[in-house]
Amino acid sequence: MESIVHNKVNKWSALDPSLAPSIIRLHFHDCAVRGCDASILLNHAASERTAVESKTLRGFEVIDDIKAELEKKCPKTVSCADILASAAREATVKAGGPFWEVPYGRKDGRVSLAKEASQLPMGHENVTYLIEFFQAKGLNLLDLVVLSGSHTIGRSTCGSVQGRLYNFKGTGKPDPSINANYLNYLKRKCRWASEYVELDATTPTKFDSVYYTNLQRKMGLLLTDQLLNSDSRTALIVSALATQPMLFYQQFSVSMTNLGNVQVLTGNEGEIRTNCNYINRY
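Residues numbered from 1 in each chain as written. Predicted model: local features only at pLDDT ≥ 70, side-chain atom pairs only at ≥ 80, totals over all residues. Heavy atoms only, no water.

Asker: An account of the nonpolar core is needed here, citing residue identities and associated values.
Answerer: Membership of the largest hydrophobic core comes to 65 residues, with the highest contact counts inside it found for Leu26, Leu41, Ile63, Ile66, Tyr212, Phe252 and Met256. In this structure Phe252 touches Thr92, Pro98, Trp100, Val146, Leu147, Ser150 and Phe207, once residues within four positions along its chain are discounted. Core analysis: the next-biggest nonpolar cluster, separate from the first, contains 13 residues, Val161, Tyr182, Cys190 and Leu221 among them. (Core = buried A, V, L, I, M, F, W, Y, C linked by side-chain atoms within 4.5 Å. Buried < 20%, exposed > 50% of the residue type's maximum accessible area, 1.4 Å probe, protein only. Contact = heavy atoms within 4.5 Å.)

Asker: Break down the packing of helix H3 (residues 60-73) against helix H4 (residues 80-94) for me, with residues and values.
Answerer: Look at H3 against H4: their axes get within 10 Å of each other, and the N-to-C directions meet at 120°. One element, H3, and the other, H4, form an angle in the oblique class. Helix-helix and strand crossings are classified by hand; for H3 and H4 the assignment is right-handed. Packed against H3, whose contacting residues are Ile63, Ile66, Lys67 and Leu70, the element H4 presents Cys80, Ile83, Leu84 and Ala87 at the interface. Looking at the contact of H3 with H4 residue by residue, the class counts come to seven nonpolar, no polar and one charged. (Axes fitted to C-alpha atoms, helices over the stretch in contact; angles between N-to-C directions. Helix = DSSP H or I, 4+ residues; strand = E, 2+ residues; numbered from the N terminus. Parallel < 35°, antiparallel > 145°, perpendicular 65-115°, else oblique. Left-handed = near helix turned anticlockwise from the far one by under 90°. Nonpolar A, V, L, I, M, F, W, Y, C, P; charged D, E, K, R; others polar.)

Asker: Which residues make up the environment of Pro103, and what values go with them?
Answerer: With respect to the helices and strands, the residue Pro103 is situated in the loop between H4 and helix H5 (127-136). Each C-alpha atom of the pair Pro103 and Ser177 lies 41 Å from the other, and the pair is 74 residues apart in sequence. When neighbours within four sequence positions are excluded, Pro103 is seen to be in contact with Asp82 and Asn261.

Asker: Could you give me a rundown of the packing of aromatic side chains, with the residues and numbers involved?
Answerer: Taken as a whole and judged by the stated rule, the model has 11 aromatic pairs. Above the plane of the ring of Phe60 lies Arg49, whose end atom (NZ or CZ) is 3.8 Å from the centre. Directly above the aromatic system of Tyr196 lies the positively charged group of Arg155, at a separation of 3.9 Å from the ring centroid. (Phe/Tyr/Trp six-rings, centres within 6.5 Å; stacked < 30°, edge-to-face > 60°. Lys NZ or Arg CZ within 6 Å of the ring centre and 35° of its normal.)

Remember that the coordinates give geometry; whether it matters functionally is a separate question.
In structure tokens, the structure reads:
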């Protein structure tokens, strides 16, 4: 099973390197709503996948490809939730991040509601909201700051940051916490909301702790990133991760394991879908 996931993630990532961070994000969006139950993969009217918060999610075709291969080799054995957790690990390794053992045995949920995705952080919330959101999932302050570090790779739509560039909190001015040179760069890069911009302006394709150094230089792309450096509850963790690259590397595997264990379904609580897009009909 692991070799199939490994080979498929590598194959797709070779065709499109931006898929690795997308798969990590897909796993987060799954676990953050109803736990790690593959509810984000269900594709029907008013499912999580159709929510506004999900419109930029990518990587579904990678999971479908892995699932099709696994159904050939070992039918009705590997859940879509396990595939997603395993694929997120492989995507991390492919991007240069750490390896960790993924525990298996998750079952797939049968419920997926678009309205439940509205609680997901979208880049403009305050730190208190983020802390409470993570705590509700059984994740702590360290998990919050470390998992935010997945923004060391990947990109965001410019629409998520334009408010910071032109009209911060209705002032008609940019967010004063943005580094002046970085602000000029972003204004050139983000003329259109539909454009994309790298989450890490310094080493955008490398999995490293530079994300935290960027925060200290006032170069966090999303407001939720930059606030981690200015809030007293999280600033010390940012500082520790910025100065100790191996600490981030090691802790990322711990926090991703914690994420993958959020509200998992086991036994008769769920099913093993034969197609990740639909609940079983038998």
